[in-house]
Amino acid sequence: MTKLAQISLSILLVFLYHCTTTSGQPAQAPTLPAVAPKRTGPPDVTKILQNMGGFSILVRLLKSTGVGDQLKGQLNNSNTRFTVFAPNDNAFSNLKAGTLNSLNNEDKVRLIQFHILPTYYTLANFQTVSNPLRTQAGDNKPGDYPLNVTSTGSQANISTGLVNATVSGNLFSNFQLAIYQVDKVLLPLDLFVSKAPSPAPALAPAPTKPKPKPKPKPKQTTIASSPKSTPTPTTTTPTTTTTTTPTVVDSGAVSLAKHRILMLMGIAVFIAAFSL
């Protein structure tokens, strides 16, 4: 009996020890599904400058010309790279009065695109670039809105042929996009300097009309004028008044005699013809 009680007590002690050790361990947290990292999307030049502050005029031009949306759409392709030179509001206020208002919509697009290079450049890259650089406004050929950028150490200078500007700060940079602040608006020479009008092409000489041949003059036939009849001189003969005694002729007797003669001749002709 005593042995049985000892065995039961041992089992009870083991059970109590097991309960106290397991209840002291912290409960394991439930396993949560892995959350995919949130995609940030392509960089938006317009929003970056808007959040920076001090670029309201450039932001307005990016929106009104559609260049900002165009950049955002192109940056959706991870292989696309851009460098943007951003003049602040103070740089725009230093422009000559009416400069922007003198531009039409197409010219404003060219002006904004002139501040964009279709390649990603760090400040160190500008030390080795081959000028002139191609911009989004055209090409690197004269007349196609080229841009010259030189760099010495940490300072980069930009020349348009009309304006010399300096890079005054790095506003944004990642593997696709670099935005640098510049102290002046970059005015392209091809947009703000009037070109001399090209000479008009030489006009072809007007065809000469052949001179009309002179018509032969009609031969003039001279009509011989009939000699004028010389007027016959009229001679006035003096009339002499003579007194004659009128002769009265019996016209009835003469005609009757003629009639008889003719009748006799007709009868004679008839008799001669009958006798033949």
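Structure first, text after, so check above.
Quick look at the structure, then. (Residues numbered from 1 in each chain as written. Predicted model: local features only at pLDDT ≥ 70, side-chain atom pairs only at ≥ 80, totals over all residues. Heavy atoms only, no water.)

Right, let's get into the packing of aromatic side chains. For the structure shown, the criterion picks out five aromatic pairs. Residues phenylalanine 114 and tyrosine 145 carry aromatic rings whose centres are separated by 6.4 Å and whose planes lie at 65° to one another, so their mutual orientation is edge-to-face. Of the two residues, phenylalanine 114 sits in the loop between α6 (105-113) and β2 (116-117) while tyrosine 145 sits in the loop between β2 and β3 (148-152), which places them 31 residues apart along the sequence. The burial state of phenylalanine 114 is the same as that of tyrosine 145; both residues are buried. (Phe/Tyr/Trp six-rings, centres within 6.5 Å; stacked < 30°, edge-to-face > 60°. Helix = DSSP H or I, 4+ residues; strand = E, 2+ residues; numbered from the N terminus. Buried < 20%, exposed > 50% of the residue type's maximum accessible area, 1.4 Å probe, protein only.)

Moving on, we get to the pattern of salt bridges. What the rule picks out here adds up to one salt bridge. Among the salt bridges present, the one from aspartate 44 reaches lysine 72, with a minimum N-O distance of 3.6 Å. One end of the pair, aspartate 44, is in the loop between α1 (2-23) and α2 (45-52); the other, lysine 72, is in helix α4 (residues 67-74), with 28 residues separating them in the sequence. Assessed through its relative accessible area of 14%, aspartate 44 is described here as buried. Overall, the relative accessible area of 33% leaves lysine 72 in the partly exposed class. (Salt bridge = Lys/Arg side-chain N within 4 Å of Asp/Glu carboxyl O.)

Moving on, we come to empty space enclosed by the protein. One pass over the structure, following the stated rule, counts one cavity of 30 Å³ or more. Considering only enclosed or pocket space, the largest cavity measures out at about 50 Å³ in volume. Surrounding the largest cavity, Val45, Leu49, Leu58, Leu62, Val84, Phe85, Ile112, His115 and Ile116 form its lining. Of the residues contributing to the lining of the largest cavity, the split by class is eight nonpolar, one polar and no charged. (1 Å grid on protein atoms, 1.4 Å probe; cavity = no way out; pocket = protein on both sides within 12 Å on 5 of 7 lines; lining within 4 Å. Points joined across faces, edges and corners; volume = space filled by probe spheres on them. Nonpolar A, V, L, I, M, F, W, Y, C, P; charged D, E, K, R; others polar.)

So, on to the packing of helix α3 (residues 56-65) against α6. Closest axis-to-axis distance for the α3/α6 pair is 10 Å, and the angle between their directions is 125°. Overall, the two elements α3 and α6 adopt an arrangement that is oblique. With respect to the hand of their crossing, α3 and α6 are arranged in left-handed fashion. For the pair α3 and α6, the contacting residues are Leu58, Leu61, Leu62 and Thr65 in the first and Lys108, Val109 and Ile112 in the second. For the contact of α3 with α6, the residue count by class is five nonpolar, one polar and one charged. (Axes fitted to C-alpha atoms, helices over the stretch in contact; angles between N-to-C directions. Parallel < 35°, antiparallel > 145°, perpendicular 65-115°, else oblique. Left-handed = near helix turned anticlockwise from the far one by under 90°. Contact = heavy atoms within 4.5 Å.)

Bringing the side chain of threonine 46 into the picture now. Inspection of the secondary structure assignment puts threonine 46 in helix α2. According to the relative accessible area criterion, threonine 46 is buried, its value standing at 9%. Non-local contacts of threonine 46, meaning those with residues more than four positions away in its chain, are made with Val59, Leu62, Lys63 and Gly68.

Read across the sheet, six strands follow the order β2-β1-β6-β5-β4-β3 without closing on themselves; strand pairing throughout is mixed. A strand with exactly one partner marks an edge of an open sheet, and here the two such strands are β2 and β3. Bridge analysis of β3 against strand β4 (residues 155-159) gives five bridges, and the strand direction is antiparallel. Bridge pairing in β4 links asparagine 148 to serine 159. (Pairing = 2+ DSSP bridges.)

All of the buried residues along α2 are Val45, Thr46, Ile48 and Leu49. Down the axis of α2, the buried side of the element spans an arc of 165°, and every buried residue falls inside it. Pointing more than 90 degrees away from the buried face of α2 are the exposed residues Lys47 and Asn51. The N-capping residue of α2, defined by a side-chain oxygen 3.1 Å from the backbone nitrogen of threonine 46, is aspartate 44. The positive-phi residue at the C-terminal boundary of α2 is glycine 53, with phi of around 85°. (Arc of directions from axis to C-beta. Polar contact = N/O pair within 3.5 Å; in protein donor to acceptor, adjacent residues only side chain to side chain.)

With respect to burial, strand β6 (residues 177-182) is a largely interior element, six of its six residues being buried. Neither face of β6 is open: one carries Leu177, Ile179 and Gln181, the other Ala178, Tyr180 and Val182, and all of them are buried. Bridging between strand β1 (residues 82-87) and β6 involves six bridges; their strand directions are parallel. Paired with proline 87 across the strands is valine 182, a residue of β6. Of the pairings in the sheet, the one linking strand β5 (residues 164-173) to β6 comprises five bridges and is antiparallel in character. Along β6, the bridge assignment pairs asparagine 170 with tyrosine 180. Between the antiparallel neighbours β5 and β6 lie three residues.

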